[in-house]
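Geometric and topological summary
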Amino acid sequence: MSQSAVANRYAVALFELGKEQTNLPQLEEELASVRHVFEHDETLLAFFDNPRVSKDDQKQFVNDVFKDASQAVKNFLFILIDKGRISEISDIIASFVEMKNEAEGIAEAEVYSVHALSDEEQERIRETFAKKLNKNTLRIRNIVDESIIGGLKVRVGNQIYDGTVARKLQRIEQSVVSANK
C-alpha cells in the first residue's frame, strides 16, 4: 500500500512517539478504532472540511467522539486538525501499522477461501506463510469467496499465492488453447 509522503511523515512521528512511550500495541488498537470511524462515516470528512466549523468545534467533536482514547491519540488528531490534514487519517494510520508490523516482524494477509476457515486451518496457514515470508507471525483476515470453487488464495502485500481450483482450471484452459494454436 503506497501512501503519500505527508502521510508517511506523520506516521513516522506517531510511530516514534509510540516507541518512546512503549505503547505501540495500545496505540495501534486505538488508531484502528479511529480509522474505522472515519472509513464508515462518509459525512465525517465533510464535517472537518467545512470552513464554517471552527477548529475548536472540530477538536471538541474529537474529544466527544473519542473520549475513551488516550491523550496521545487525541493530540495527534488535534495536530491533524490544526494542520488541515485530517483527510489523510486513513493513509497515516495505514503507514503507521505497516511500520509497526515491519518492526515486529508481522505480515498482514488476506486469505480467500470458499468457506470460513477454522482456527486450526488459520494456524496452519499462519505457520506456513510466516516461515515462507521470513516473518515472526502472520495476521490473517479470512475472506469467503465462493467463486474460487476450492483451495486458497493468500495475499500478503503485493504478493499473491493462488492455489485455488478456479486458477488451476484457468491454467488448464490456457494450456489447451495454446496447444491448439
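So, here is what we can say about the structure in this document.

Thresholds applied
Numbers given to residues run from 1 along each chain, matching the order in which its sequence is written. Confidence filtering applies because this is a predicted model: local features only for residues at pLDDT of at least 70, side-chain atom pairs given and counted only at 80 or more, and all residues used for totals across whole chains, interfaces and linings. Hydrogens and water are ignored here; the side-chain numbers use all heavy atoms of the structure. In this analysis, rings of Phe, Tyr and Trp, with Trp reduced to its six-membered ring, are considered paired at centre separations within 6.5 Å, and the interplanar angle assigns stacked below 30 degrees, edge-to-face beyond 60, and tilted for intermediate values. In this scheme, strands are said to pair when DSSP sees at least two bridges between them. Only DSSP runs of H or I with at least four residues qualify as helices, and only runs of E with at least two residues qualify as strands; both kinds are numbered from the N terminus onward. Throughout, an axis means a line fitted to C-alpha atoms (over the contacting stretch in the case of helices), and angles, computed between N-to-C directions, take values from 0 to 180 degrees. Burial here depends on accessible area, computed with a 1.4 Å probe over protein chains only, as a share of the maximum for the residue type. Under 20% is buried, over 50% is exposed, and the range in between is partly exposed. Think of a nonpolar core as a cluster: buried Ala, Val, Leu, Ile, Met, Phe, Trp, Tyr and Cys residues, connected wherever their side-chain atoms sit within 4.5 Å. When checking whether two residues touch, look at their non-hydrogen atoms; a contact exists if any pair is within 4.5 Å. Multiply 1.5 Å by the residue count of a helix minus one, and that product is the helix's expected span. When describing relative orientation, an angle under 35 degrees is termed roughly parallel and one over 145 degrees roughly antiparallel, while 65 to 115 degrees is termed roughly perpendicular and anything else oblique. Helix crossings get a hand from a simple test, with the near helix turned counterclockwise from the far one by less than a right angle marking a left-handed crossing and a clockwise turn marking a right-handed one. Three residue categories are used. Nonpolar comprises Ala, Val, Leu, Ile, Met, Phe, Trp, Tyr, Cys and Pro, charged comprises Asp, Glu, Lys and Arg, and polar comprises the others, including Gly.

What about the packing of aromatic side chains?
Counting across every chain of the model gives 7 aromatic pairs. Taken together, the ring pairs in this structure connect Phe 38, Phe 47, Phe 48, Phe 61 and Phe 66 into an aromatic cluster.

Remarks on the sheet that holds strand β1 (residues 106–113)
Read from one edge to the other, the open sheet built from 4 strands follows the order β2-β1-β3-β4, with strand pairing classed as mixed. Either end of the sheet is taken by a strand with one partner, and the two such strands are β2 (137–144) and β4 (159–164). Put simply, the sheet's adjacent strands are angled 20° from each other on average, direction ignored. Summarising the sheet, β1 and strand β3 (residues 151–156) pair through 5 bridges and their orientation is antiparallel.

Some remarks on unusual backbone geometry
Its identity as a non-glycine residue notwithstanding, Thr 22 has a phi of 45°, on the positive side. Within the secondary structure, Thr 22 sits in the loop between α1 (5–20) and α2 (24–39). Note on Thr 22: relative accessible area 69%, which makes it exposed. In this structure, Asn 134 takes a positive phi of about 60° despite not being glycine. Note on placement: Asn 134 falls in the loop between α7 (119–132) and β2. Asn 134 gets classed as exposed once you look at its relative accessible area, which sits at 70%.

Looking at the nonpolar core
Of all hydrophobic cores here, the largest spans 28 residues; its most connected members are Phe 76, Leu 77 and Phe 96. Elements with a contribution of two residues or more to this core: α1, α2, α3 (42–49), α5 (71–83) and α6 (89–104). Leaving out residues up to four positions away in the same chain, Phe 76 has contacts with Tyr 10, Leu 14, Leu 31, Ile 89 and Ile 92. Core analysis: the next-biggest nonpolar cluster, separate from the first, contains 11 residues, Val 111, Leu 133, Leu 138 and Ile 140 among them.

So, α5
For an α-helix, the turn length of 3.6 residues means that residues three or four places apart are oriented alike. The terminal C-alpha atoms of α5 lie 18 Å apart, and with 13 residues this matches the ideal 18 Å at 1.5 Å per residue to within 8%. Against α1, α2, α3, α4 (55–65) and α6 lie the buried residues of α5. Remark: Gly 84 follows α5 within two positions and exhibits a positive phi of approximately 70°.

Things to note about the pairing of β4
Strand direction decides the pairing type here: β3 and β4, joined by 6 bridges, are antiparallel. Directly across from Lys 153, in β4, lies its bridge partner Asp 162. Linking two consecutive strands that pair antiparallel, namely β3 and β4, is a turn of 2 residues; a positive phi of about 60° is found at Gly 157 within it.

Some words on the packing of α2 against α5
Closest axis-to-axis distance for the α2/α5 pair is 10 Å, and the angle between their directions is 50°. It follows from the interaxial angle that α2 and α5 lie oblique. The handedness of the crossing between α2 and α5 is right-handed. Of α5, the residues touching α2 (which contributes Leu 27, Glu 30, Leu 31 and Val 34) are Val 73, Phe 76 and Leu 77. For the contact of α2 with α5, the per-class residue count stands at 6 nonpolar, no polar and 1 charged.

Observations concerning the packing of α3 against α4
As a packed pair, α3 and α4 sit with axes 9 Å apart at the nearest point and diverge in direction by 145°. Contacts from Leu 44, Phe 47 and Phe 48 in α3 reach Asp 57, Gln 58, Phe 61 and Val 62 in α4. Broken down by class, the residue content of the contact of α3 with α4 amounts to 5 nonpolar, 1 polar and 1 charged.

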